[in-house]
Amino acid sequence: MTTNIGRFDRNARASIGLLLIAAALFGFIGVWGFAGVIAVATALTGNCPAYQYFRYSTCPAANG
């Protein structure tokens, strides 16, 4: 599995994912907020299946 998510993208995914999960846990939004788990998982692994499918990368090492 290759890394296709850059540093900024990883940080953004992790932050937004954690905010969505917290909002769902505290009842601010519905259960769809748990979709933040996907964002956190892709941030942790550094690989996005959608990016891979479309042959896109935000990782500088992969672009160079």
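Coordinates for the structure precede this section.
What comes next concerns the included structure.

## A look at a nonpolar patch on the surface
Phase 1 of the analysis: Judged by side-chain polarity, Leu25, Phe26, Phe28, Val31, Phe34 and Val37 come together as a nonpolar surface patch covering roughly 730 Å² of accessible area.
Phase 2 of the analysis: Here leucine 25 is to be found in helix 1 (residues 7–25).

## Quick look at the environment of alanine 39
Phase 1 of the analysis: Assignment of secondary structure puts alanine 39 in helix 2 (residues 36–45).
Phase 2 of the analysis: Between the C-alpha atoms of alanine 39 and alanine 12, which are 27 residues apart in sequence, the distance is 9.0 Å.
Phase 3 of the analysis: When near neighbours in sequence (up to four residues on either side) are disregarded, alanine 39 contacts Arg13 and Gly17.

## Section: the side chain of asparagine 47
Phase 1 of the analysis: Summarising the element assignment, asparagine 47 is placed in the loop between helix 2 and helix 3 (49–53).
Phase 2 of the analysis: Asparagine 47 gets classed as buried once you look at its relative accessible area, which sits at 5%.
Phase 3 of the analysis: Here threonine 2 takes part through its backbone oxygen, which lies 2.5 Å from a polar atom of the side chain of asparagine 47.
Phase 4 of the analysis: Not counting the four nearest positions on each side in its chain, asparagine 47 is found in contact with Met1, Thr2, Asn4, Ile5, Thr42 and Gln52.

## Thoughts on the packing of helix 1 against helix 2
Phase 1 of the analysis: As a packed pair, helix 1 and helix 2 sit with axes 7 Å apart at the nearest point and diverge in direction by 150°. Overall, the two elements helix 1 and helix 2 adopt an arrangement that is roughly antiparallel. When the axes of helix 1 and helix 2 are compared, the crossing they make is left-handed. Across from Arg10, Arg13, Ala14, Gly17, Leu18, Leu20 and Ile21 in helix 1, the residues of helix 2 making contact are Gly36, Val37, Ala39, Val40, Thr42, Ala43, Leu44 and Thr45.
Phase 2 of the analysis: Residue classes in the contact of helix 1 with helix 2 are distributed as nine nonpolar, four polar and two charged.

## Description of unusual backbone geometry
Phase 1 of the analysis: One non-glycine residue, arginine 55, lies in positive phi territory at about 55°.
Phase 2 of the analysis: Position of arginine 55 among the secondary structure elements: in the loop between helix 3 and helix 4 (60–63).

Basis of the calculations
- Residues numbered from 1 in each chain as written.
- Predicted model: local features only at pLDDT ≥ 70, side-chain atom pairs only at ≥ 80, totals over all residues.
- Heavy atoms only, no water.
- Patch = residues over 30% accessible without salt bridge, like charges linked within 9 Å, V, L, I, M, F, W, Y side chains within 5 Å.
- Areas by Shrake-Rupley, 256 points an atom, 1.4 Å probe, with all protein chains shown as cover.
- Salt bridge = Lys/Arg side-chain N within 4 Å of Asp/Glu carboxyl O.
- Helix = DSSP H or I, 4+ residues; strand = E, 2+ residues; numbered from the N terminus.
- Contact = heavy atoms within 4.5 Å.
- Buried < 20%, exposed > 50% of the residue type's maximum accessible area, 1.4 Å probe, protein only.
- Polar contact = N/O pair within 3.5 Å; in protein donor to acceptor, adjacent residues only side chain to side chain.
- Axes fitted to C-alpha atoms, helices over the stretch in contact; angles between N-to-C directions.
- Parallel < 35°, antiparallel > 145°, perpendicular 65-115°, else oblique.
- Left-handed = near helix turned anticlockwise from the far one by under 90°.
- Nonpolar A, V, L, I, M, F, W, Y, C, P; charged D, E, K, R; others polar.

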